[in-house]
Amino acid sequence: FETDGLGFRWQARLRLARLAWIDAEDRLDVEGGYGGARLLGVIPVGSARGPEVTRSQLVRNLAELAFAPRVASRTPGLVWSADGEDAFTLAAPGIDAEAIVRVIVDDAGDVRSARSPDRPRDHGRAGYLHEPYRLEFDRHQRLSSGDRIPLSASGTFETADGDWPYWRFEVLDEG
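Residues numbered from 1 in each chain as written. Predicted model: local features only at pLDDT ≥ 70, side-chain atom pairs only at ≥ 80, totals over all residues. Heavy atoms only, no water.

Focus on a nonpolar patch on the surface
Heads up, the condition is: Here the term patch refers to residues with relative accessible area over 30% and no salt bridge, with like charges joined within 9 Å and nonpolar side chains (Val, Leu, Ile, Met, Phe, Trp, Tyr) within 5 Å. All accessible areas in this document rest on Shrake-Rupley with a 1.4 Å probe, and a residue is counted as covered only by the protein chains that are shown. By convention in these notes, a salt bridge is any Lys or Arg side-chain nitrogen within 4 Å of a carboxyl oxygen on Asp or Glu. In this text, helices come from DSSP runs of H or I with a minimum length of four residues, and strands from runs of E with a minimum of two, each type numbered from the N-terminal end. Classification of residues uses two cut-offs on accessible area relative to the type maximum, computed with a 1.4 Å probe and protein chains only: under 20% is buried, over 50% is exposed, and between them is partly exposed.
On the surface, Leu40, Val42, Ile43 and Val45 cluster together into a nonpolar patch covering about 330 Å² of accessible area. Tracing the backbone through its elements, the reader meets isoleucine 43 in strand E4 (residues 43-48). On the basis of relative accessibility, which here comes to 41%, the residue isoleucine 43 falls in the partly exposed class.

Next comes the structure, spelled out in C-alpha cells:
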C-alpha cells in the first residue's frame, strides 16, 4: 500500500455464464467517487459520479482503513478526533465535510467496528437513499510488518426496514 492522499481503486470480475462476465470498478480519486460496470469488459451497463457517489466512496474508504492501518496513519487530509475512551472519528473535510466515520477499538487496540450515519446508496429512479452504514471486524492477526488486521469483516446498511447485510469477507487460508 502507498498513499499520497485518500483514495482507492477496487476492481472485480463477476462471471455471469461460461463466456459472459461483468467487470466492475469502484474508486475514489482526485476527480471524486465513481462506480461502474462493463459487460464483457467493454459494454457499459452502468456508471455513476456526483456528490452522493463521492460521499459513498469516501465513507467506504474511511471505514475500510482498518485493513491498512499504517497507510491510514500517514494519509494527508485525514482528520482524526478522539471520541471517548474506546473510539475516534475519521473525516476528510477537503473531500466532503459532512462524511464522518466513528471507529470503535477494543482493549488490544484492534478495530471492532466503523460506522457512518450517512452512506448514500443508489435507489434507481428514486435517487439516493442516505442511510447509516457499519462495518464489523473480527479475528485480528498480526502481519510480519507488525500491523494487526482483521481476517473477517462484514458491511451492513441500516435501512428503515432493518439491517441489510451488503457484503462479507473472511480469510479461509492464511498460508
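So, next bit.
A look at the packing of aromatic side chains
To describe a pair of aromatic rings, one takes the distance between the centres and the angle between the planes. Short version of the rule: Between 30 and 60 degrees the pair is tilted, below 30 it is stacked and above 60 it is edge-to-face, where a pair is any two Phe, Tyr or Trp rings, Trp via its six-membered ring, whose centres lie within 6.5 Å. Our definition puts a charge over a ring when NZ of Lys or CZ of Arg is within 6 Å of the ring centre and also within 35 degrees of the ring normal.
Taken as a whole and judged by the stated rule, the model has seven aromatic pairs. With a centroid separation of 5.2 Å and an interplanar angle of 65 degrees, the aromatic rings of tryptophan 164 and tyrosine 166 are classed as edge-to-face. Take tyrosine 166: its relative accessible area is 44%, and that puts it in the partly exposed class. An aromatic cluster is defined as three or more aromatic residues linked by ring pairs; in this entry it consists of Tyr133, Phe157, Trp164 and Tyr166. Directly above the aromatic system of tyrosine 34 lies the positively charged group of arginine 27, at a separation of 4.3 Å from the ring centroid. Sitting over the ring of tyrosine 133, arginine 119 keeps its end group 4.5 Å from the ring centre.

A short note on the sheet that holds strand E2 (residues 20-29)
Sheet strands associate in pairs through backbone hydrogen bonding, adopting either a parallel or an antiparallel arrangement. Defined as follows: Any two strands with at least two DSSP-identified bridges between them are counted as paired. Only the stretch in contact is used when a helix axis is fitted, and all axes are lines through C-alpha atoms; the angle between N-to-C directions ranges over 0 to 180 degrees. Any two residues whose heavy atoms approach within 4.5 Å at even a single point are treated as in contact.
Read from one edge of the open sheet, four strands run E1-E2-E3-E4, paired in antiparallel fashion. If you trace the sheet from one side to the other, it starts and ends with strand E1 (8-17) and E4, each paired once. Within the sheet, the average angular offset between the axes of one strand and its neighbour, ignoring direction, is 15 degrees. Here eight bridges tie E2 to strand E3 (residues 32-39), and the two strands are oriented antiparallel to one another. Across the sheet, residue alanine 24 finds its bridge partner in E3, namely alanine 37. Here helix H1 (residues 51-63) sits on the sheet and contacts E1, E2, E3 and E4; the angle it forms with E3, its principal contact strand, is near 95 degrees.

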